[in-house]
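Topology and contacts: notes
What follows is the residue order along each chain.
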Protein chains: 2
Amino acid sequence: MAPDSTLITGIGELVTNGPGAADRGGFAAITDAALVISGGKVAWTGPAARAPAADSALDAAGRAVLPGFVDSHAHLVFAGERSAEFAARMAGRPYTAGGILATVRATRSASDGALRANLRRLAAEMLAAGTTTLECKSGYGLTVADEQRGLALAAEVTPEVTYLGAHVVPPEFAGDRAGYVDLVRGPMLAACAPLSRWIDVFCERGAFSADEAAAVLAAGRAAGLGARVHANQLGPGPGVRVAAEAGAASADHCTYLTDADVDTLASAPMVATLLPGAEFATRHPYPDARRLLDAGAAVALATDCNPGSSFTSSMPFCIALAVRDMRMTTQEAVWAATAGGARALRRTDIGHLGAGARADLIMLDAPSHTYLAYRPGVPLVAAVWQGGRLVSGRL
Amino acid sequence: MAPDSTLITGIGELVTNGPGAADRGGFAAITDAALVISGGKVAWTGPAARAPAADSALDAAGRAVLPGFVDSHAHLVFAGERSAEFAARMAGRPYTAGGILATVRATRSASDGALRANLRRLAAEMLAAGTTTLECKSGYGLTVADEQRGLALAAEVTPEVTYLGAHVVPPEFAGDRAGYVDLVRGPMLAACAPLSRWIDVFCERGAFSADEAAAVLAAGRAAGLGARVHANQLGPGPGVRVAAEAGAASADHCTYLTDADVDTLASAPMVATLLPGAEFATRHPYPDARRLLDAGAAVALATDCNPGSSFTSSMPFCIALAVRDMRMTTQEAVWAATAGGARALRRTDIGHLGAGARADLIMLDAPSHTYLAYRPGVPLVAAVWQGGRLVSGRL
């Protein structure tokens, strides 16, 4: 063991997502377990009785240890809030203050410092709730300079930075959609690609068409970015097909799917990322995770954290909804929130706790992963390690 | 002002439930407000610009302040857990390990110390999440000694102690229901009444009939206890009627109601206490709060925290479900979780922040009460005062 090794023993349930973590649905756990962290990575896992020695030791006292959550879909670079829009929607009252464009206006006029403070507050909130990897999109700037600014800020909190110039057509291009698409896949992409790992498009009636989305994704791929798509959120549409054809890592939302879409998701090397916080906050029906899982698709869960359609940052809340309202088992939901998210980001170093994995892990104030759904709304994450370092917690 | 007075100023939204707090649906709030605590009570509320001086001052920096939550329905004296039963139910698998009776067995065999530790852990968890008053029932003992023990423990954490000998018929009386009812309303009541403020009966098919429930409640009233009823949880039944006839303060659950039940709830001096955590954890349909409110009934929200059918302790979670799935407005839900709970406990000193109220209050990491539903799953309660004392928080 390296000189900085730490043994966590007395683990009631250790969710490893084992050697098969890359497989679809490969939840795995061992009881009465131990884990050794060394050099920022997981060095060993196994039965507590066979644990090797380490420089320091910590007794989990029967609590559960899981991989940190991987939140593969979040929009954290924004200003303003839309609680009045939310309250009006819940009360069944019309509200026409502009949705995404209201956030675009507020974001454009905000200072770097204000955007950074909001972003860091949300990222810290996520970390304390167990999210050790988050993806963060631009998409509330929609000018070359504002998208660049958003991506540079996002890169301060995560390597999983996604360029979403194709979020909506901004008002100044209302009469020139083609001009905006050309900007997004031309000069804006050139300015943003060096700051990003991913490119994303909102392919939906009211946002971007299949042809527009395909053009943007193709340009992004040519610039070295991986593809992701907001697909089939508000109604049936071409999003899933466009995602598959672009070789996307993930089609996100997947609320309204045809049988052909389900077949596509089951056969493509792509994840269906479900975002139940959005259905919670909009009263759309929840996506049918059972149908996707039974067809053999890989499913991830993420928060979609944004000020309009899903302002939760809580992966445990998404897990509880997935179990209650999307017919996922507790194992499937936890796999989706950890290994599923890693797969949606094409990462093999996170989302599991096999030897060699990054030591991103959480300890619950509970004996098993089941409690994340069994005790909804209760802040159960007692401690968080990121890269082997204890970054949050009460131990 | 008394020498210990504290001024909280800069309050973005102060939910007072104003002078009309005792009225049905009397949510009230003021913006840009201040509040003075003195002698453990609220001494003054009003616009920040007109706040009087005090011995110490605290700037809320635009955050919201609300009355502490009043959780008027919880079962916290128990041992064991039932996560496997929960997971099986969610996965659609049969599970026959005995439900409430499994908890009765575990509770009877637990030490006082183990029961006390579990109870205190849950009460502390509730307090940190903003619950400044909780009701706590017995009902997992079901012998004279075990019910007495449960009530004495409950009294260590709250004055709102409820004798629930009539939870289910225990196995040793399986062949003698009448004998158990006689015990509950006779010697067990005599032993338990001095430890309790309330008596409760689970009036439901599979638990106690209308006649049995009425007999138990009448004996409890004669012994000086206030009445409450578990009513209409699992199907239509006589629970609401029995509650009204017994002069109960609250009929709890109210999931399956006839029009006559709704009329009864709207006209009796009784609260309909809704427990959406139970529907979340059992996949029963949520109670129709809108129907009750539109009929003029007073509605409370509570957690039903227990290890079987609702293991959440979070009032914010219940508020979010009430807004999303029960068609309550955010104002109605917050009133129900504060003033509604107070009314269900027939308390006028809590659930509002009028001058003279007990200084039980919470500060959110958010500018308004709306965020409790707008940001579901996020631990927004930043600080908690109980009787004027800061008992939990990050300020």
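Note that the structure is predicted; figures quoted are calculated from it, not measured. (Residues numbered from 1 in each chain as written. Chains lettered and ligands numbered in written order. Predicted model: local features only at pLDDT ≥ 70, side-chain atom pairs only at ≥ 80, totals over all residues. Heavy atoms only, no water.)

Things to note about the relation of the copies chain A and chain B
Quick note on the threshold: Copies overlap after least-squares fitting; the atoms used are the C-alpha atoms of residues with pLDDT of at least 70 in both.
Taken as rigid bodies, chain A and chain B are interconverted by a rotation of 180 degrees and an axial shift of 0.0 Å, the fit giving an RMSD of 0.0 Å. Taken together, the rotation and translation describe the operation of a two-fold axis. Rotation axis and chain A: the residue whose C-alpha lies nearest the axis is Gly377 of chain A, separated from it by 2.6 Å.

Some words on the domain arrangement of chain A
All names here are of chain A. Inclusion rule: Throughout, the edges of the domains are those of an automatic or database domain assignment. Contacts were defined at the residue level, with two residues in contact if any of their heavy atoms lie within 4.5 Å. Buried area counts how much accessible surface, traced with a 1.4 Å probe, disappears from two parts once they are put together, with both parts' losses summed. Salt bridge criterion: a side-chain nitrogen from Lys or Arg within 4 Å of a carboxyl oxygen from Asp or Glu. What qualifies as a polar contact is a pair of N or O atoms within 3.5 Å, subject to a donor-acceptor requirement within protein and to the restriction that residues adjacent in sequence count only when both atoms come from side chains. Under the scheme used here, helices are H or I runs from DSSP no shorter than 4 residues and strands are E runs no shorter than 2 residues, and both carry numbers assigned from the N terminus. Gly is placed with the polar residues, together with every amino acid not listed as nonpolar (Ala, Val, Leu, Ile, Met, Phe, Trp, Tyr, Cys and Pro) or charged (Asp, Glu, Lys and Arg).
Here the domain parsing of chain A yields domain 1 (5-68 + 351-393) and domain 2 (70-344). The C-alpha-based centres of domain 1 and domain 2 are spaced at 29 Å. Facing the 26 residues of domain 1 at the interface are 27 residues of domain 2. Summed over both sides, the interface between domain 1 and domain 2 buries roughly 1900 Å², with carbon and sulfur atoms accounting for 62% of that surface. Along the contact surface separating domain 1 from domain 2 lie zero salt bridges. The interface formed by domain 1 and domain 2 includes four residue pairs in polar contact (both at pLDDT 80 or more). Listed by contribution, the elements that provide at least two residues to the side of domain 1 that touches domain 2 are strand 5 (64-67), helix 14 (371-374), strand 15 (381-386) and strand 16 (389-393). A per-element tally of the side of domain 1 that touches domain 2 places strand 15 first, with four residues. The residue makeup of the side of domain 1 that touches domain 2, split by class, is 14 nonpolar, nine polar and three charged.

Quick word on the pattern of salt bridges
Residues and elements named next belong to chain A. The cut-off we apply is this: Exposed residues in this analysis have more than 50% of their type's maximum accessible area, buried residues have under 20%, and partly exposed residues fall in between, with area computed by a 1.4 Å probe over protein chains only.
One pass over the structure, following the stated rule, counts 46 salt bridges over all chains. Of the charged contacts, one joins Glu212 and Arg177 as a salt bridge, the two residues approaching to 2.8 Å between their closest N and O atoms. With Glu212 in helix 7 (residues 210-222) and Arg177 in helix 5 (residues 177-185), this residue pair connects regions lying 35 residues apart in the sequence. Looking at Glu212, the relative accessible area reads 16%, which means it is buried. Connected via shared salt-bridge partners are Glu135, Lys137, Asp200 and Arg228.

Structural notes on the interface of chain A and chain B
Counting residues at the interface gives 37 residues for chain A and 37 residues for chain B. Taken over both partners, the interface formed by chain A and chain B buries close to 3300 Å², and the fraction arising from carbon and sulfur atoms is 59%. Among the residues chain A hides against chain B, the three largest losses belong to Arg324, Tyr374 and Arg375 of chain A. Together they make up 25% of the total. On inspection of chain A and its partner chain B, the count reaches two salt bridges. Across the pair Glu125 of chain B and Arg375 of chain A runs a salt bridge whose closest N-O atoms are separated by 2.7 Å. Put simply, chain A and chain B have 22 residue pairs in polar contact (both at pLDDT 80 or more) between them. Every element with two or more residues in the side of chain A that touches chain B is listed here: helix 1 (83-90), helix 3 (112-128), helix 10 (276-282), helix 12 (315-325) and helix 14 of chain A.

Considering the sheet that holds strand 12 (residues 271-274) of chain A
In a beta sheet, neighbouring strands are held together by backbone hydrogen bonds and run either parallel or antiparallel to one another. Residues and elements named next belong to chain A. Going by this rule: A pair of strands counts as paired when DSSP detects no fewer than two bridges linking them. Comment: axis = line fitted to C-alpha atoms, over the contacting stretch for helices; angle = value between 0 and 180 degrees taken between N-to-C directions.
One open sheet accounts for eight strands, arranged 6-7-8-9-10-11-12-13; its pairing is parallel. Among the strands making up the open sheet, the edge pair consists of strand 6 (69-71) and strand 13 (298-301). Each strand axis lies, on average, 25 degrees off the axis of its neighbour in the sheet, ignoring direction. With four bridges connecting them, strand 12 and strand 13 associate as parallel partners. The residue bridging Ala272 from the neighbouring strand is Val299, located in strand 13. Lying on the sheet, helix 13 (residues 330-344) is in contact with strand 6, strand 9 (198-203), strand 10 (226-231), strand 11 (250-253), strand 12 and strand 13; it crosses strand 13 at an angle near 100 degrees.

Considerations on the nonpolar core
Rule in force here: In these notes, a set of buried Ala, Val, Leu, Ile, Met, Phe, Trp, Tyr and Cys residues joined through side-chain atoms within 4.5 Å is what counts as a nonpolar core.
Counting residues in hydrophobic clusters, the biggest one holds 207 residues, and the most contacted among them are Leu265 and Leu301 of chain A together with Leu265, Leu301 and Met328 of chain B. Apart from residues lying up to four places away in sequence, Leu301 of chain B is in contact with Val70, Leu274, Pro276, Met315, Cys318, Ile319, Ala322, Met326, Met328, Ala333, Ala336 and Ala337 of chain B.

Re the packing of helix 3 (residues 112-128) of chain B against helix 4 (residues 144-155) of chain B
When two helices pack together, their arrangement is given by the angle between their axes and by how far apart the axes lie. Residues and elements named next belong to chain B. Heads up, the rule is: Note that the term roughly parallel is reserved for angles under 35 degrees, roughly antiparallel for angles over 145, roughly perpendicular for angles of 65 to 115, and oblique for everything else. Crossing chirality is assigned from the near helix's rotation relative to the far helix, an anticlockwise turn below a right angle marking it left-handed and a clockwise turn marking it right-handed.
Axis separation between helix 3 and helix 4 bottoms out at 10 Å; the angle between their running directions is 40 degrees. One way to sum up the angle between helix 3 and helix 4 is to call them oblique. Remark: the crossing between helix 3 and helix 4 carries right-handed chirality. Only Arg149, Leu153 and Ala154 of helix 4 make contact with helix 3, whose side of the interface consists of Asp112, Leu115, Arg116 and Leu119.

A few points about the pairing of strand 8 (residues 160-166) of chain A
Residue and element names in this part refer to chain A. Counting buried residues along strand 8, seven of its seven residues qualify, which places the element largely inside the surrounding structure. With three bridges joining them, strand 7 (residues 131-137) and strand 8 adopt parallel strand pairing. Across the sheet, Cys136 pairs through a bridge with Val161, a residue of strand 8. When strand 8 meets strand 9, the two strands line up parallel, connected through three bridges.

Description of the pairing of strand 7 of chain A
All names here are of chain A. For strand 7, the buried fraction is high: seven of the seven residues fall into the buried class. For strand 6 and strand 7, the ladder comprises three bridges, and the chain directions are parallel. By the bridge assignment, Val70 is partnered in strand 7 with Thr133.

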